[in-house]
Amino acid sequence: KAGVTQTPRYLIKTRGQQVTLSCSPISGHRSVSWYQQTPGQGLQFLFEYFSETQRNKGNFPGRFSGRQFSNSRSEMNVSTLELGDSALYLCASSLGIAEVAAKETQYFGPGTRLLVL
Amino acid sequence: GENVEQHPSTLSVQEGDSAVIKCTYSDSASNYFPWYKQELGKGPQLIIDIRSNVGEKKDQRIAVTLNKTAKHFSLHITETQPEDSAVYFCAPYAGNMLTFGGGTRLMVKP
């Protein structure tokens, strides 16, 4: 069974631009969560999508948004990029049986490394 | 929100020795305690987890112990091997999310 895939793997943008990252979950998984990983702040939860709806949200500004499609694939968008948005963005999928993805085993993709110049 | 502290931040051991990483959390409502391993260039991978109704869980060379009264849980790796070299994260669950510790870089010297 194929794992979680994320595209692109690397991205360079400039301040003020916007970016869209894509995540394809493991087949049969209905929940997708997004995380930001930086050397300074570590791994932080952004949001979780289940059945095309945002089910849980972390403490990030509204510039960070996402969506999920009927096939469970998910995209994450960051608008008006700032230098501090440079990070590894990780996507994790889980079955979606529990009411919250964090209670289930989450399977992480390799991440998209975003550099904002 | 949950405050999570993980110690030590780096750990160097000789192959065959044991390694212990400790995670302290603040939210008494936390009830799920996973440990993740992240290798270079990869996303985190769940290696073991424990729920609040259990005090200890073991899977071959890896074990996790939980002390809910003291609000800490620990990862124990016995007979370490070079392939155990990675960054390890604790991530207690509370408030509908996992809150990750700062990570422990484990280096196993052959």
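To keep things clear, this report deals only with the structure shown in the data block. Predicted model, so just to flag it, every value in this text is computed and none were measured.

1. Comments concerning the packing of aromatic side chains
Scanning the model with the defined rule gives 13 aromatic pairs over all chains in all. Between Phe-89 of chain B and Phe-100 of chain B, the ring centres sit 6.2 Å apart and the planes meet at 80°, which makes this aromatic pair edge-to-face. Of this pair, Phe-89 of chain B sits in strand β9 (residues 86-90) while Phe-100 of chain B sits in the loop between β11 (97-98) and β12 (104-109), and the two are 11 residues apart along the sequence. An aromatic cluster of three or more residues is present, and its members are Tyr-35, Phe-45 and Phe-108 of chain A together with Tyr-36, Phe-89 and Phe-100 of chain B. Lying over the aromatic face of Phe-50 of chain A, Arg-55 of chain A brings its terminal NZ or CZ to 4.3 Å of the ring centre.

2. Observations concerning the sheet that holds strand β1 (residues 5-7) of chain A
All names here are of chain A. Reading across from one edge, β1-β3-β8-β7 is the order of the four strands in this open sheet, with antiparallel pairing throughout. Across the chains shown, the open sheet's two edge strands, defined by having one partner strand only, are β1 and β7 (64-68). Within the sheet, the average angular offset between the axes of one strand and its neighbour, ignoring direction, is 20°.

3. A few points about the nonpolar core
If you look at the biggest cluster of nonpolar residues, it comprises 23 residues, and the most contacted ones within it are Trp-35, Phe-73, Leu-75, Tyr-88 and Leu-106 of chain B. Elements supplying a minimum of two residues to this core: β2 (10-14), β3 (19-25), β4 (32-38), β5 (45-51), β7 (62-67), β8 (72-77), β9 and β12 of chain B. Sort the elements by how many residues they give to this core and β3 of chain B lands first, with four residues. Setting aside chain neighbours within four positions, we find Leu-106 of chain B in contact with Leu-11, Val-13, Ala-19, Ile-77, Asp-84, Ser-85, Ala-86 and Tyr-88 of chain B. Of all hydrophobic cores here, the second largest spans 21 residues; its members include Trp-34, Phe-64, Met-76 and Ala-87 of chain A.

4. Thoughts on the state of the cysteines
In total, this model carries two disulfides over all chains according to the counting rule given. At a sulfur-sulfur separation of 1.7 Å, the disulfide partner of Cys-23 of chain A is Cys-91 of chain A. Between Cys-23 of chain A and Cys-91 of chain A the disulfide shows an S-S torsion of about -45°. By sign, it is left-handed. One end of the pair, Cys-23 of chain A, is in strand β3 (residues 19-24); the other, Cys-91 of chain A, is in strand β9 (residues 87-94), with 68 residues separating them in the sequence. Grouping residues by exposure puts Cys-23 of chain A and Cys-91 of chain A together as buried. Two residues, Cys-23 of chain B and Cys-90 of chain B, share a disulfide whose sulfurs are 2.1 Å apart. In this structure, the disulfide formed by Cys-23 of chain B and Cys-90 of chain B twists by about 65° around the S-S bond and is classed as right-handed. Highlighted residues: Cys-23 of chain B in strand β3 and Cys-90 of chain B in strand β9, separated in sequence by 67 residues.

5. What about the pattern of salt bridges?
Residue and element names in this part refer to chain A. Summed over the entire model, instances satisfying the criterion amount to nine salt bridges over all chains. In this structure, the salt-bridge partner of Arg-63 is Glu-82, at a minimum N-O distance of 3.6 Å. One end of the pair, Arg-63, is in the loop between β6 (53-57) and β7; the other, Glu-82, is in the loop between β8 (74-78) and β9, with 19 residues separating them in the sequence. Using a relative accessible area of 17% as the deciding quantity, one classes Arg-63 as buried.

6. Comments concerning the interface of chain A and chain B
A common measure of how large an interface is: the accessible area buried when the components associate. Opposite the 19 residues of chain A that make contact, chain B presents 16 residues. Taken over both partners, the interface formed by chain A and chain B buries close to 1400 Å², and the fraction arising from carbon and sulfur atoms is 59%. Summed over the shared surface of chain A and chain B, the number is zero salt bridges. Inspection of the region where chain A meets chain B yields two residue pairs in polar contact (both at pLDDT 80 or more). Listed by contribution, the elements that provide at least two residues to the side of chain A that touches chain B are β4 (31-38), β5 (42-50), β6 and β9 of chain A. Residues belonging to the side of chain A that touches chain B are distributed by class as follows: nine nonpolar, six polar and four charged.

7. Re the pairing of β4 of chain B
All names here are of chain B. The buried count for β4 comes to seven of seven residues, which makes it a mostly enclosed element. Of the two faces of β4, the one holding Tyr-32, Pro-34, Tyr-36 and Gln-38 and the one holding Phe-33, Trp-35 and Lys-37 are both buried throughout. In terms of strand pairing, β4 meets β5 through six bridges, oriented antiparallel. Paired with Trp-35 across the strands is Ile-48, a residue of β5. Adjacent in sequence and paired antiparallel, β4 and β5 are bridged by six residues, among which Gly-41 carries a positive phi angle near 80°. Pairing of β4 with β9, which is carried by four bridges, proceeds in the antiparallel orientation. For Trp-35, the partnering residue across the bridge sits in β9 and is Cys-90.

About the criteria used
Residues numbered from 1 in each chain as written. Chains lettered and ligands numbered in written order. Predicted model: local features only at pLDDT ≥ 70, side-chain atom pairs only at ≥ 80, totals over all residues. Heavy atoms only, no water. Phe/Tyr/Trp six-rings, centres within 6.5 Å; stacked < 30°, edge-to-face > 60°. Helix = DSSP H or I, 4+ residues; strand = E, 2+ residues; numbered from the N terminus. Lys NZ or Arg CZ within 6 Å of the ring centre and 35° of its normal. Pairing = 2+ DSSP bridges. Axes fitted to C-alpha atoms, helices over the stretch in contact; angles between N-to-C directions. Core = buried A, V, L, I, M, F, W, Y, C linked by side-chain atoms within 4.5 Å. Buried < 20%, exposed > 50% of the residue type's maximum accessible area, 1.4 Å probe, protein only. Contact = heavy atoms within 4.5 Å. Disulfide = S-S within 2.5 Å. Salt bridge = Lys/Arg side-chain N within 4 Å of Asp/Glu carboxyl O. Buried area = accessible area lost by both parts, 1.4 Å probe. Polar contact = N/O pair within 3.5 Å; in protein donor to acceptor, adjacent residues only side chain to side chain. Nonpolar A, V, L, I, M, F, W, Y, C, P; charged D, E, K, R; others polar.

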